[in-house]
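# Reading the structure
Spelled out, the chains give:
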Amino acid sequence: MADQRACLFGYVTANDAALQRVYDSLIAELRRSARVARGAPDPPTVRRLRVEQRTWVNTRDRACTREVPPGSVPLWAQPLSECFARMSRARAAELDSALSRARGER
C-alpha cells in the first residue's frame, strides 16, 4: 500500500506540473491586469480563481478515487494516476484558455 501511494504521488506531481505552470501564469496575469503591486493582497479575480482551483482539486480527488478506490485492485496507483492526469490535462486547457483571454489573445 505504501509503495502504491508513493507511486501515485510521484505520478500526480509529474502530471500536475503543467497545470501548476498555467495556473501560476494566470494568477500573475490577473494580478498584472489588476495593477496589483508585488506583495499586495490579491484582487477579487485571483481570490475567485484560488477558490475555484481548490474546489476543482477536491472534485478531481473525489471523482478519481471513486473510479478506482485505493486498494481495490493490486496495482491501483496506475489507473488512479491516469484519471488524475486526464482531469489535470483538461483543467490545464481550461486555465490556458482563460490565460489567453486575460492577455487579450482570444
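What you are looking at is a predicted structure, and each value in this text was computed from that prediction instead of being measured. Throughout this description, residue numbers start from 1 for each chain and increase along the sequence as written. Local features in a predicted model are, by the rule used here, given only for residues with pLDDT of at least 70; side-chain atom pairs are given and counted only at 80 or more, and totals for whole chains, interfaces and linings are based on all residues. In computing side-chain values, all of the structure's heavy atoms are included and hydrogens and water are not.

Turning to helix 2 (residues 44–67), a few remarks are in order. Under the scheme used here, helices are H or I runs from DSSP no shorter than 4 residues and strands are E runs no shorter than 2 residues, and both carry numbers assigned from the N terminus. Between the first and last residue of a helix there are one fewer steps than residues, each counted as 1.5 Å, and that sum is the expected span. Given a rise of 1.5 Å per residue, 24 residues ought to cover 34 Å, and the 34 Å separating the end C-alpha atoms of helix 2 matches this to within 8%. Remark: exposure states derive from per-residue accessible area (1.4 Å probe, protein chains only) relative to the maximum for the residue type, with buried under 20%, exposed over 50%, and partly exposed in between. Those residues of helix 2 lying buried are Val46, Leu49, Gln53, Trp56, Arg60 and Cys64. Those residues of helix 2 that are buried lie in contact with helix 1 (2–33) and helix 3 (77–102). Residues are treated as being in contact if the distance between any of their heavy atoms lies within 4.5 Å.

Oppositely charged side chains can pair when the atoms bearing their charge come close. When a carboxyl oxygen of Asp or Glu lies within 4 Å of a side-chain nitrogen of Lys or Arg, that pair is called a salt bridge. As enumerated under the stated definition, the model contains 7 salt bridges in all. A salt bridge links Glu52 to Arg91, with the shortest nitrogen-to-oxygen separation between them at 2.8 Å. Placement of Glu52 in helix 2 and of Arg91 in helix 3 is noted, with a sequence separation of 39 residues between them. Its relative accessible area of 43% is what places Glu52 among the partly exposed residues. Judged by its relative accessible area of 4%, Arg91 falls in the buried class. Of the charged contacts in the structure, one is a salt bridge between Glu94 and Arg91, with a shortest N-O distance of 3.0 Å. Note that Glu94 and Arg91 are positioned in helix 3 at a spacing of 3 residues, about one turn of the helix. By sharing partners, the salt bridges in this structure join Asp16, Arg60 and Asp61 into a single network.

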